[in-house]
Amino acid sequence: MLTLPNVLTLSRIFTVPVLVALLWNPGWMGYVCAFLLYCLMAITDYFDGYLARAQGTVSKLGVFLDPIADKIMVASVIVMLISRHPLIAGFHILAALIILLREIAVSGLREFLAELHVSLPVSQLAKWKTTFQLIAFGAIILSGATATTPLVSILGLTSLWIAATLTLLTGWDYLRIGIKHMD
């Protein structure tokens, strides 16, 4: 059970409180540390699955924990950025909420379909959504430390809206699949 991929997944879960603490009342250094930690967490998100498949150590625990770790990380970052970061304000809150609500809805849909023994595989478009989401949140966190460099803020907000758009598209795709199995 304690394979390297599972340890990486667990590390993401246990690191979330540190990330939240860094984003709670950050100064310049807090944003830099939060950005570095966020990048490390994003890298472990990639490598836990890659290593599990490459080593043939895909486990039920890993399959169970990985999406939970992803949701905890994404939800925590969204909540902290909405509540503490000046860039996620006004209309941009809508993009962040779209992402958060889709995460919750797809989790519920996966749980519902699992009881029916129907899998909901991750689509290629959803992988792109995740990529833009990771870039968006990383850039937005970093923008707190680089307030004089608007390019980072523009990258963050642009990626956030691309991720929100892809979130709606993939959420709709998953919902269409799920509706076929509902009474």
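Because the structure is predicted, anything quoted here is derived from the model rather than measured.

1. Section: the packing of helix H3 (residues 60–84) against helix H5 (residues 124–143)
In the contact formed by H3 and H5, the axes pass within 11 Å of each other and the chain directions differ by 35 degrees. In this structure, the crossing between H3 and H5 has a hand that is left-handed. Contacts from Met73, Val74, Val77, Ile78 and Leu81 of H3 reach H5 at Gln133, Leu134, Phe137, Ile140 and Ile141. Across the contact of H3 with H5, the residue classes break down as nine nonpolar, one polar and no charged.

2. Examining unusual backbone geometry
The phi dihedral of His117 falls on the positive side, at around 60 degrees, and the residue is not glycine. Inspection of the secondary structure puts His117 in the loop between helix H4 (92–115) and H5.

3. Some words on H3
Given a rise of 1.5 Å per residue, 25 residues ought to cover 36 Å, and the 36 Å separating the end C-alpha atoms of H3 matches this to within 8%. All buried positions along H3 are accounted for by Gly62, Leu65, Ala69, Asp70, Met73, Val74, Ser76, Val77, Ile78, Met80 and Leu81.

4. Comments concerning the nonpolar core
The biggest cluster of nonpolar side chains holds 30 residues, and the ones touching the most others in it are Leu19, Ile99, Phe137, Ile141 and Leu160. Of all the secondary structure elements, the ones that give two or more residues to this core are helix H1 (4–24), helix H2 (28–55), H3, H4, H5 and helix H6 (150–179). With six residues, H3 is the single largest residue contributor to this core. A domain-level breakdown of this core finds at least three residues from each of domain 1 (1–84) and domain 2 (86–182). In contact with Phe137, other than residues within four places in its own chain, are Tyr38, Val74, Val77, Ile78, Leu81, Ile99 and Leu160. Judged by nonpolar contacts, the second largest core, of seven residues, contains Val106, Leu109, Leu113 and Ala126.

5. Observations regarding the UniProt feature "transmembrane region" (unreviewed entry) in the protein chain
The sites that UniProt annotates as "transmembrane region" (unreviewed entry) are residues 28–51, 130–148 and 154–175. Secondary structure across residues 28–51 divides into 100% helix and 0% strand, with the first and last C-alpha atoms of the span separated by 34 Å. The distance separating the terminal C-alpha atoms of residues 154–175 is 31 Å; by composition the span is 100% helix and 0% strand.

6. Some points on the packing of H3 against H4
Contact geometry for H3 and H4: axes closest at 10 Å, N-to-C directions at 155 degrees. Looking at the two axes, H3 sits roughly antiparallel to H4. Here H3 runs over H4; the crossing is left-handed. When H3 is examined against H4, the residues Lys71, Val74, Ala75, Ile78 and Ile82 are found in contact with a partner set consisting of Ile93, Ala96, Leu97, Ile99, Leu100, Glu103 and Ser107. Its residues assigned to classes, the contact of H3 with H4 comprises nine nonpolar, one polar and two charged.

7. Quick look at the pattern of salt bridges
Enumeration according to the criterion identifies eight salt bridges in this entry. The closest approach of N and O atoms between Asp66 and Arg12, which form a salt bridge, is 2.9 Å. Here the residue Asp66 occupies a position in helix H3, and Arg12 occupies one in helix H1, the gap between them amounting to 54 residues. Judged by relative accessible area, Asp66 falls into the partly exposed class, the value being 22%. Owing to a relative accessible area of 0%, Arg12 belongs among the buried residues under this scheme.

8. A word on the domain arrangement of the protein chain
When the domains of the protein chain are assigned, the result is domain 1 (1–84) and domain 2 (86–182). The straight-line distance from the C-alpha centre of domain 1 to that of domain 2 is 16 Å. Facing the 17 residues of domain 1 at the interface are 18 residues of domain 2. Here domain 1 packs against domain 2, burying approximately 1,700 Å² in sum over the two surfaces, 78% of which is carbon and sulfur. The interface formed by domain 1 and domain 2 contains one salt bridge. Taking the shortest distance from any N to any O, the salt bridge between Lys71 and Glu103 comes out at 2.9 Å. Counting every contact that joins domain 1 to domain 2 gives three residue pairs in polar contact (both at pLDDT 80 or more).

Conventions we followed
Residues numbered from 1 in each chain as written. Predicted model: local features only at pLDDT ≥ 70, side-chain atom pairs only at ≥ 80, totals over all residues. Heavy atoms only, no water. Axes fitted to C-alpha atoms, helices over the stretch in contact; angles between N-to-C directions. Helix = DSSP H or I, 4+ residues; strand = E, 2+ residues; numbered from the N terminus. Left-handed = near helix turned anticlockwise from the far one by under 90°. Contact = heavy atoms within 4.5 Å. Nonpolar A, V, L, I, M, F, W, Y, C, P; charged D, E, K, R; others polar. Expected span 1.5 Å × (residues − 1). Buried < 20%, exposed > 50% of the residue type's maximum accessible area, 1.4 Å probe, protein only. Core = buried A, V, L, I, M, F, W, Y, C linked by side-chain atoms within 4.5 Å. Domains from an automatic or database assignment. UniProt positions renumbered as here; feature names shortened; annotations may be inferred. Parallel < 35°, antiparallel > 145°, perpendicular 65-115°, else oblique. Salt bridge = Lys/Arg side-chain N within 4 Å of Asp/Glu carboxyl O. Buried area = accessible area lost by both parts, 1.4 Å probe. Polar contact = N/O pair within 3.5 Å; in protein donor to acceptor, adjacent residues only side chain to side chain.

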